[in-house]
Amino acid sequence: NNMPVPGGPSGMPVPGGPGGMPPPPGGAPGGVPGQPGRDDAYFTESRKGEVNELRQLLRTFGTERDKQKKRDIMKKVIAYMTLGIDVSRLFTEMMLAIETRDLVIKKMVYLFLCNYADTHPDLAQMCTNTLVKDCGNEDPMVRGLALRSLCSLRLPQMIEYTSEPLRRSLQDGHAYVRKTGVMGILKMYHLNKEEFDKAAFNDILYEMLRDPDPSVVTNCIFVLNEIQAEVGGMALNRAVMLHLLNRIHEFSEFGILAVLDLIPRYIPANDEEGFQIMNLLDPVLKTANAGAVVATIRAFLSIATAIGKRPGDDRDADSPSVDDLSKQVVERIKAPLVTLIASGSSELSYVLLKYADQLIDLCPGIFDDEYRQFYVKYSDPTHIKHSKIRILAKLANPNTAPDIVAELGELVTDADETLGRIAVRSMTNIALNDSGGEGAVESISRRLVDMLDLQGISHVTSEAATALAALVRRNESIKPVISAPLPRALKYINEPAGKASIIFLLGECGADITEAPYALEKVIDSYDNIADASVKTALLAATVNLFFTRPPEVQHMLGRLLKKATEDMSSQDLHDRALFYYRLLRSSPDLTVAKSIISKSMAVTASQFAEEDDSELRAALMDEFNTLCTVYRCKPENFIDEENIVPFVKLPTEHPLAAAAPVVDQGVNTITDEMNGAALTDGYATAAAPQPAPSAEVDLLGFGFDDPAPAPAPPATNSLQSLSLKSNLSLSGEDYQSKWGSIPDSEAVVISGLPMASAPPSTDVVEGALSAFSVFTMASGELPTEFKFFLYAQEEESFGGCYFLIQAVALKQPSSLNLTIKPVGGDPNKQKEKVDQLVELIKSALGLC
């Protein structure tokens, strides 16, 4: 095709030839002039597109033997999908790739399916059978991933395919599958609440709070809280709380937070239980997780509020009050909180400082001895510095105030303008609250007076003037200290707030300042140049106030000022105030009456200004401790839509215990309520009557004997004659707990790994077999991976009357039996022998011999 032709350049193809340039419009595509026609190559992409390229790679996926190359192909598909390129056309090829043992590839395929489920529901339905099939895969990781992907499709038509795999997953032997199933329940709830209620998943979730794996329990807590958000969260009672608290050491940090968030909603049964919960949570304060520490603080404060004595309570005089308990709590958590503030990141420190600020307001004085920990560091970010300076003012007392005021004085001239202003205000708050002890107010006033002369730092002089005005309103005794520099300061303070404060002070201290009227007169003469209404209002008030002190010098300029102010329409407040002053002075026969009215309106007798009283807000924020409300310093309704606010409901409303009932000893690991709701304190467990001996051809436990087992002898003629057990025995739950707790765990006999042919079909079968040998059941239950039994038996009195308390765990996979036996009473020298005989008896009853 590229051979040279006569008349053309050597080696150049002829235009219109097979390898040449395109023909002109209207020409023949094949290069033959005048021959009409079309070439399909003109309407086909000359380059390969991204999707076409991926399709070619996926078609070779099945024959590719290199695992890494397969993964790279999948990564490329996911990468394009992440970039926003529509690769849904590869759905068929991706479905073929799902049949693989490589978990990484399978996970990427699942991700692809979930991503296009919403936009391509018809394609998503194509993979339903594959996902359901993978939910039964032998690999638990595949089962969990398939279930998560199936639930993540979130298509209404998928509910019928999702329910059954979800229900099976909750009984799976692997914890990963069970916790994935729990989260799948939540997705199903949001997808179709009616189907969720029909499936009774809510009750199943409460049952799964007894799951042996803490991660499953954690997921159950979160799911229940979200499902029941409209009523305040999951239902709580004493059994649930004690069960979770006794297992809290098993949980991860994430799980601990889930449990701790439940405690503020729980009302302890009595004071003893409240203190026991506090002692149980105390080790959490030693963790490095700030979230866990703050959640524990909230739990402590809520318990203190619940069990503390309130005014009007008819408790003993020695019972601690809510305030006393709160102070003890804050004293206990002070050291961990301060340590976390100093060692955390800047973001974490800022949040913890907010919590510390709130606790200081709750219990003033507790943190005072740690004031040096709140000194500003050069390396601190700006927001940390601001928070520390505000807190420092609250830590001042007669012992710490000198150091704190000196520290704040160093920060006034900082390059950060806002920091300097906050330092001046914090210093002023110490004087206003009179927390610095004797002489502190005068000392701070002198510092503020010195700041008035910092002419090059306008924001400091303005803040100092504002602070002095507030101090004079609260404490008139400092007037002689601050009077001298006021006329001079009026000349160079330009900020409206500072200028208004200086003018106010000239009116208040005019009796001690000779040039006060003349300083104000210059301002009155420039009235038309004043733009800020606050300065005009302050000028009017100061001039009227000075008029009562020095009438001859002020009379004429007051008249000019009143005339201008009554004609000024820029501020309605200023106009009305000037008109009021004018009419009052004109109609009053005695100036002392007008003076008493005006002077009294400027006096401050309350301990704090009205705008500073935030006691209602602080009380509301304590109820929202450990939430964003503390950081934002506002109530939740200010930044959360009303329909999204979860109500705070404390439970239970009634306790099954009397006010003085003792708390179950956690040394027994709260076997109460652990076994399918069978509470040991619900009454007396009456032993079942002995069952007749089964025939030889009956397999009692379904263990699948190869040969018929010989019929066990009746209990009356027990083959183990040396261990004679009572055939009619009853034991209360309280007695069981008492006897179990009386024997240390170190003295218990533990026998593990007794082989079983297969797991028993139910607890009833095991209980019936054991009761035939006079071994009775206190409580039992089935968990996802095991059966659990609390058993008891007693020797005949003539043989010593020894009690045997037994905890039996029958594992499903692999099938085996674990026994923990505590003998109580009888001859100590014969206990070991009798325990061995009891084990042989149990093995014989269950067909393990």
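In this text the structure is predicted, and so the values were computed from the model without any measurement.

**With respect to the overall build of the protein chain**
For the protein chain, the count of helices and strands is 36 helices and 7 strands. For the protein chain, with 849 residues in total, the buried portion stands at 48%. Partitioning the contacts of the protein chain with sequence separation of at least 6, the portion at a separation of at least 24 is 64%.

**Some remarks on the sheet that holds strand 5 (residues 786–794)**
Strand order across the open sheet formed by 5 strands is 3-7-6-5-4, with antiparallel pairing between neighbours. Of all the strands in the sheet, the pair left with one neighbour each is strand 3 (749–755) and strand 4 (776–782). Along the sheet, successive strands turn relative to each other by an average axial angle of 15°, direction set aside. As paired strands, strand 3 and strand 7 (residues 816–824) are joined by 5 bridges and run antiparallel to one another. If you follow P755 over to strand 7, its bridge partner there is S816. Helix 35 (residues 763–771) rests against strand 4 and strand 5 of the sheet, and its axis sits at about 165° to strand 4. Running over the sheet, helix 36 (residues 831–845) touches strand 3, strand 6 (803–811) and strand 7 and is turned about 145° from strand 7.

**So, helix 27 (residues 516–525)**
Along helix 27, the residues that are buried comprise A516, P517, A519, L520, V523 and I524. Buried positions in helix 27, seen along its axis, are confined to an arc of 160° and lie on one side of it. The inward-facing, buried residues of helix 27 abut helix 25 (486–492), helix 26 (496–508), helix 28 (533–549) and helix 29 (551–567).

**Describing a negative patch on the surface**
Negative charge collects at one region of the surface, where E637, D641, E642 and E643 lie side by side. Among the secondary structure elements, D641 is positioned in the loop between helix 33 (628–632) and strand 1 (684–686). Judged by relative accessible area, which is 47%, D641 ranks as partly exposed.

**Concerning the environment of G274**
Among the secondary structure elements, G274 is positioned in helix 15 (residues 271–281). Residues G274 and I303, 29 residues apart in the sequence, show an inter-C-alpha distance of 6.1 Å. Contact partners of G274, with chain neighbours within four places excluded, come to P268, I303 and I307.

**Side note on helix 9 (residues 175–191)**
With 17 residues, helix 9 ought to run about 24 Å at 1.5 Å a step, and its terminal C-alpha atoms sit 24 Å apart, in line with that. With respect to burial, helix 9 is a largely interior element, 13 of its 17 residues being buried.

**Structural notes on the pattern of salt bridges**
By the definition in use, this model includes 37 salt bridges. Note that K394 and D357 form a salt bridge whose closest N and O atoms lie 2.5 Å from each other. With K394 in helix 19 (residues 382–394) and D357 in helix 18 (residues 346–362), this residue pair connects regions lying 37 residues apart in the sequence. In this structure K394 comes out as partly exposed when scored by relative accessible area, which is 33%. Taken together, the shared-partner salt bridges connect E417, R421, R425, E463 and E495 into one network.

**Focus on the packing of helix 7 (residues 140–152) against helix 9**
Direction vectors running N to C along helix 7 and helix 9 enclose 5°, while the axes themselves pass 9 Å from each other. In terms of axis orientation, helix 7 runs roughly parallel to helix 9. Facing helix 7, whose interface residues are P140, M141, R143, G144, L145, L147, R148, C151 and S152, helix 9 presents Y176, V177, T180, G181, G184 and K187. Among the residues making up the contact of helix 7 with helix 9, the classes are represented as 7 nonpolar, 5 polar and 3 charged.

**Considerations on the packing of aromatic side chains**
Under the defined criterion, the tally for this structure stands at 13 aromatic pairs. With centroids separated by 5.9 Å and ring planes inclined at 50°, the aromatic side chains of F580 and Y581 adopt a geometry described as tilted. On the basis of relative accessibility, which here comes to 4%, the residue Y581 falls in the buried class. For the pair Y736 and Y792, a centre-to-centre distance of 6.5 Å together with 80° between the ring planes defines the contact as edge-to-face. Residue Y736 is located in helix 34 (residues 733–742), and its partner Y792 is located in strand 5; the two are separated by 56 residues in the primary sequence. Of the two residues examined, Y736 and Y792, each falls in the buried class.

**Remarks on the pairing of strand 4**
Burial analysis of strand 4 places 5 of its 7 residues in the buried class, the great majority of the element. Bridge count for strand 4 against strand 5 is 6 bridges, and the pairing is antiparallel. Note that in strand 5 the partner of F776 across the bridge is Y792. Counting the residues in the hairpin turn of strand 4 and strand 5 gives 3 residues.

**Brief notes about the confidence of the model for the protein chain**
The share of residues in the protein chain with pLDDT of 70 or more is 85%, and the mean pLDDT across the chain is 82. Per-residue pLDDT stays below 50 along residues 1–47; that stretch engages in 28 contacts with residues further than four places along the chain or on separate chains. Note on residues 656–721: pLDDT under 50 across the span, and 121 contacts to partners over four residues away in sequence or across chains.

**Thoughts on a nonpolar patch on the surface**
Judged by side-chain polarity, L628, Y632, F639 and I640 come together as a nonpolar surface patch covering roughly 350 Å² of accessible area. Within the secondary structure, L628 is located in helix 33. Judged by its relative accessible area of 46%, L628 is partly exposed.

**Digging into the side chain of S169**
Take S169: it is sitting in helix 8 (residues 159–169). What S169 contacts, discounting residues up to four positions off in sequence, is L147, V177, R178 and G181.

**Focus: the nonpolar core**
Ranked by size, the top nonpolar core spans 199 residues in total, and within it V87, F112, L113 and F367 carry the most contacts. The greatest single-element share of this core, amounting to 12 residues, is contributed by helix 16 (residues 290–307). Discounting residues that sit within four places of it in the chain, L113 has contacts with F91, M95, I98, C127, L131 and L153. Grouped together as the second largest cluster of nonpolar side chains are 31 residues, L770, F773, F804 and I842 included.

**Some points on the environment of R447**
Inspection of the secondary structure assignment puts R447 in helix 22 (residues 440–451). Overall, R447 belongs to the partly exposed group, its relative accessible area being 33%. A sequence separation of 20 residues divides R447 from M427, and the C-alpha atoms of the two residues are 9.4 Å apart. In this view, R447 contacts V405, A406, G409 and M427; residues no more than four positions away in its chain are not counted.

**What about unusual backbone geometry?**
Working note: non-glycine residues mostly have negative phi, and peptide bonds are mostly trans. Residue P652 is bonded to the preceding L651 through a cis peptide linkage, with omega at -10°. Tracing the chain through its elements places P652 in the loop between helix 33 and strand 1. For A200, which is not glycine, the phi dihedral falls at a positive 60°. Considering the arrangement of structural elements, one finds A200 in the loop between helix 10 (193–199) and helix 11 (201–207). Positive phi is not limited to glycine here, since R633 has a value of about 55°. Tracing the backbone through its elements, the reader meets R633 in the loop between helix 33 and strand 1.

**Observations regarding the environment of G409**
Residue position: G409 is located in helix 20 (residues 401–411). Between the alpha carbons of G409 and V424 there is a distance of 7.8 Å; along the sequence they are 15 residues apart. Once residues within four sequence positions are removed from consideration, G409 is found in contact with M427 and R447.

**What to know about the state of the cysteines**
Taken as a whole and judged by the stated rule, the model has 0 disulfides. Not engaged in a disulfide, the cysteine C151 finds its nearest cysteine sulfur in C135; these two sulfurs lie 7.5 Å apart.

Cut-offs used in this document
- Residues numbered from 1 in each chain as written.
- Predicted model: local features only at pLDDT ≥ 70, side-chain atom pairs only at ≥ 80, totals over all residues.
- Heavy atoms only, no water.
- Helix = DSSP H or I, 4+ residues; strand = E, 2+ residues; numbered from the N terminus.
- Buried < 20%, exposed > 50% of the residue type's maximum accessible area, 1.4 Å probe, protein only.
- Contact = heavy atoms within 4.5 Å.
- Pairing = 2+ DSSP bridges.
- Axes fitted to C-alpha atoms, helices over the stretch in contact; angles between N-to-C directions.
- Arc of directions from axis to C-beta.
- Patch = residues over 30% accessible without salt bridge, like charges linked within 9 Å, V, L, I, M, F, W, Y side chains within 5 Å.
- Areas by Shrake-Rupley, 256 points an atom, 1.4 Å probe, with all protein chains shown as cover.
- Salt bridge = Lys/Arg side-chain N within 4 Å of Asp/Glu carboxyl O.
- Lys, Arg positive; Asp, Glu negative; His and termini not counted.
- Charge placed at Lys NZ, Arg CZ, Asp CG, Glu CD.
- Expected span 1.5 Å × (residues − 1).
- Parallel < 35°, antiparallel > 145°, perpendicular 65-115°, else oblique.
- Nonpolar A, V, L, I, M, F, W, Y, C, P; charged D, E, K, R; others polar.
- Phe/Tyr/Trp six-rings, centres within 6.5 Å; stacked < 30°, edge-to-face > 60°.
- pLDDT = per-residue confidence, 0-100.
- Core = buried A, V, L, I, M, F, W, Y, C linked by side-chain atoms within 4.5 Å.
- Disulfide = S-S within 2.5 Å.

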